[in-house]
Structures are given as structure tokens and as C-alpha cells.
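Next come the chains, spelled out residue by residue.
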Amino acid sequence: MANSQGHVITNVDSLYEFSKMVRIPPHLSFGKHKGEAIADLANHSDEAGYIKWLLKQDSVDPRLSQACQQALGSV
């Protein structure tokens with residue numbers, strides 16, 4: 001997987017860094033936008049509101065929250 005994404009794993013440290021990256025979900029796994037890319041939603045003003053609403057929820061997984069914050073920050 002790492003090689004297909006252009007990452008080279010040469011030692012335990014590089015493996016650890018790659019593992020941190022792949023823990024961040026690129027797509028929503030639930031709700032009305034299930035399967036959609038978080039970055040795509042953040043780029044559409046109508047759907048960015050959904051991501052902002054999601055971030056206000058108490059039960060949001062920390063990694064999903066990080067993905068949403070990163071997506072909104074890149075807009």
C-alpha cells in the first residue's frame with residue numbers, strides 16, 4: 001500500500017509515520033454522505049456545513065475529527 005502511494009518504507013520509523021497517515025479516514029463511513037471523500041465535501045460550501053456540524057458532535061472519532069479539520073483547513 002505504501003509503495004502504491006509513493007511512500008518508501010525503509011525502517012521502523014518510516015513505517016510508523018506511514019501508519020499515522022493511513023489512520024486518518026479519507027471518506028465518511030456513515031450518514032447521508034457515506035462513502036464520499038471528506039475533502040470533496042469541504043470544497044463545496046453547501047456540504048462544508050455538514051462537516052462543521054459533525055465537528056460539533058460529542059461522539060466524533062478523534063481521527064475523523066482530524067480529517068475534517070484538515071479538509072476544512074485546506075479550503
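Because the structure is a prediction, the values reported are computed rather than measured. (Residues numbered from 1 in each chain as written. Predicted model: local features only at pLDDT ≥ 70, side-chain atom pairs only at ≥ 80, totals over all residues. Heavy atoms only, no water.)

(A) Broad picture of the nonpolar core. In terms of nonpolar packing, the biggest core is built from 13 residues, with Leu28, Ile38, Ile51, Leu54, Leu64 and Cys68 touching the most fellow members. Those elements that provide at least two residues to this core are helix H2 (38–42), helix H3 (45–55) and helix H4 (62–73). Among the elements that take part in this core, H4 stands out by supplying four residues, more than any other. Residues contacting Ile51, with those up to four places away along its chain left out, are Ile38, Leu41, Ala42, Cys68 and Leu72. (Core = buried A, V, L, I, M, F, W, Y, C linked by side-chain atoms within 4.5 Å. Buried < 20%, exposed > 50% of the residue type's maximum accessible area, 1.4 Å probe, protein only. Helix = DSSP H or I, 4+ residues; strand = E, 2+ residues; numbered from the N terminus. Contact = heavy atoms within 4.5 Å.)

(B) Spotlight on H4. For H4, with twelve residues, the first-to-last C-alpha span of 16 Å sits near the 16 Å given by 1.5 Å per residue. The complete set of buried residues in H4 reads Leu64, Ser65, Ala67, Cys68 and Ala71. Buried residues in H4, looked at end-on, bunch into an arc of 160°, giving them a common side. With respect to the buried face of H4, the exposed residues turned more than 90 degrees away are Pro62 and Gly73. As for H4, its buried residues are in contact with H2 and H3. (Expected span 1.5 Å × (residues − 1). Arc of directions from axis to C-beta.)

(C) Fine view of the packing of H3 against H4. Closest axis-to-axis distance for the H3/H4 pair is 10 Å, and the angle between their directions is 140°. Relative to H4, the element H3 lies oblique. Of the two possible hands of crossing, H3 and H4 adopt the one that is left-handed. Across from Ala48, Ile51, Lys52, Leu54 and Leu55 in H3, the residues of H4 making contact are Leu64, Ser65, Cys68, Gln69 and Leu72. Of the residues belonging to the contact of H3 with H4, the class tally is seven nonpolar, two polar and one charged. (Axes fitted to C-alpha atoms, helices over the stretch in contact; angles between N-to-C directions. Parallel < 35°, antiparallel > 145°, perpendicular 65-115°, else oblique. Left-handed = near helix turned anticlockwise from the far one by under 90°. Nonpolar A, V, L, I, M, F, W, Y, C, P; charged D, E, K, R; others polar.)

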